[in-house]
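Chain and residue survey
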Amino acid sequence: MFIQKAWRTAAFGLYGFTQFTKSGFLEHAKKFREEDMQIRLDGKNCLVTGANSGIGFATAEGLASHGATVYMLCRNKERGEAALDQIRSKTGNANVHLEICDLSSINEVKSFATKFTSMDKPLHVLVNNAGLLEHKRETTAEGLELNFAVNVAATYTLTELVMPLLEKAAPDARVITVASGGMYTEPLNKDLQFTEGTFDGTQQYARNKRVQVALTEWWAEKYGNKGVGFYSMHPGWADTPGVAKSLPGLSEKLSGNLRTNDEGADTVVWLALQPKEKLASGAFYFDRAEAPKHLKFAGTAASHAQINSIVHSIRSICGFSVKG
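For the structure given in this document, a descriptive report is provided here. Computed from a predicted structure; not experimentally measured. Every chain's residues receive numbers from 1 upward, in the order its sequence appears when written. Per-residue local features are limited, in this predicted model, to residues with pLDDT of at least 70; the limit for side-chain atom pairs, both in listing and counting, is 80 or more; totals at the level of whole chains, interfaces and linings are taken over all residues. Side-chain descriptors were evaluated using all non-hydrogen atoms of the structure, hydrogens and water having been removed beforehand.

This brings us to the environment of Q19. Put simply, DSSP H or I for four residues or longer makes a helix, DSSP E for two residues or longer makes a strand, and each gets a number counted from the N terminus. Note on placement: Q19 falls in helix α1 (residues 2-19). Think of it in three bands: with a 1.4 Å probe and only protein chains considered, a residue is buried below 20% of the maximum accessible area for its type, exposed above 50%, and partly exposed in between. Under the relative-accessibility criterion, Q19 is labelled partly exposed at 24%. If we skip the residues at most four places from it in the chain, Q19 touches G24, F25, H28, R259, F286 and D287. Polar contact is defined as a pair of N or O atoms within 3.5 Å, subject to the rule that within protein one atom must be able to donate a hydrogen and the other to accept it, and that residues adjacent in sequence are counted only when both atoms are side-chain atoms. In terms of polar contacts, Q19 uses its side chain to reach the side chain of H28, at 2.8 Å. The contact criterion used throughout is that any non-hydrogen atoms of two residues lie within 4.5 Å.

Written out as structure tokens, the structure reads:
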């Protein structure tokens, strides 16, 4: 167990330093096709969580620049309004809107989803981008471990509750979940709220991201006949406010070789634009290409067999009927 964990960490570090950095992006970009990004999204509705900074902001701006109607879901009204003004003025797209919701509260997510679905508009793209890496164990007012609440519970709840709108946009609808390469270091784990052992925020974040990738597979299978595609992706190591705050060591060590926010968001926007027949529902993407979900000899693949019981637990925690 210890040897395998040490191997995963070492393999992840090597893979990351060669692939996830700015130089990795520039290398991969040599294979990018310019015509892939010339597709328009006029008349299509997109919802992006955590859209006021970092990858979320770059994603919202990218989608708006392609003509989409974009709904930015943010926690902080002032920061959200500043980001909204910036995107509208930079893209010239007036169809960009701000929605306020604290994703650490499942009740708030449910209230927002009720309000949003009442508009009864087809939702073509949902981008589950909002993420959190809190190093100290914190519990929300609803009794959930904070990282899990934002990264897993909110992602699951929002996606499930806007499914009627996604189905309205079928067969073109898609859900894109922004995961992290950190998930390579962890198998799927039933201890969703890290109640066993000494709490480690970085490890919990990696576990949360592994859940997101497995959930994407699960959704692809569950809703395969609904005309909705599900994709997870990894933005690489980008110079976002979140990285600077949560992983200052990485930020410092890779100073000058971190990706820009636009480079981090590139694959999200690419996934939103491509014809669905070019994409594989349930797959994990990195730099505009399908990527492995597990590192070689890391022993994480078999853990995905637990996803049904994990979804059962998430539904119970989030107050859904457990049959779903």
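A word on the packing of aromatic side chains. When the centres of two rings from Phe, Tyr and Trp lie within 6.5 Å, Trp using its six-membered ring, the rings pair. Their planes under 30 degrees apart give stacked, over 60 give edge-to-face, and anything left gives tilted. Summed over the entire model, instances satisfying the criterion amount to 14 aromatic pairs. Seen from their ring centres, F20 and W237 are 5.3 Å apart, and the 85° between their planes marks the pair as edge-to-face. In this pair, F20 is assigned in the loop between α1 and α2 (22-28) and W237 in the loop between β6 (228-234) and α9 (241-246), connecting sequence segments 217 residues apart. Each member of the pair, F20 as well as W237, is classed as buried.

Residues L47 and L166 are the most contacted members of the largest nonpolar core, which totals 44 residues. At the level of secondary structure, the elements contributing two or more residues to this core comprise β2 (69-74), α5 (106-117), α6 (146-161), α7 (163-168), β5 (173-178), α8 (201-222), β6 and α12 (307-317). For this core, the element with the most residues is α6, which contributes seven residues. Those residues within four positions of L166 in sequence are excluded, and the remaining contacts are L123, L126, T159, A173, R174, V175 and V228. In plain words, nonpolar cores are sets of buried Ala, Val, Leu, Ile, Met, Phe, Trp, Tyr and Cys residues tied together by side-chain atoms within 4.5 Å. Residues C46, V48, W270 and A272 belong to the second largest nonpolar core, which totals 31 residues.

Another point: the pattern of salt bridges. One speaks of a salt bridge when a side-chain nitrogen belonging to Lys or Arg is within 4 Å of a carboxyl oxygen belonging to Asp or Glu. Tallied over the entire structure, the rule returns 19 salt bridges. Here K168 makes a salt bridge to D120, at a shortest N to O gap of 3.6 Å. Of the two residues, K168 is situated in helix α7 and D120 in the loop between α5 and β4 (125-128); the sequence distance between them amounts to 48 residues. For K168, a relative accessible area of 44% corresponds to the partly exposed category. The salt bridge partner of R259 is D287, with a shortest N-O separation of 2.7 Å.

Examined against the element boundaries, N151 turns out to sit in helix α6. Residue classification places N151 among the buried positions, given a relative accessible area of 0%. Side chain to side chain, N151 and N208 meet in a polar contact 3.0 Å long. Excluding its chain neighbours within four sequence positions, the residues that come into contact with N151 are A130, G131, L132, Y205, N208 and Q212.

Functional significance is not addressed by these values, which are geometric in nature.
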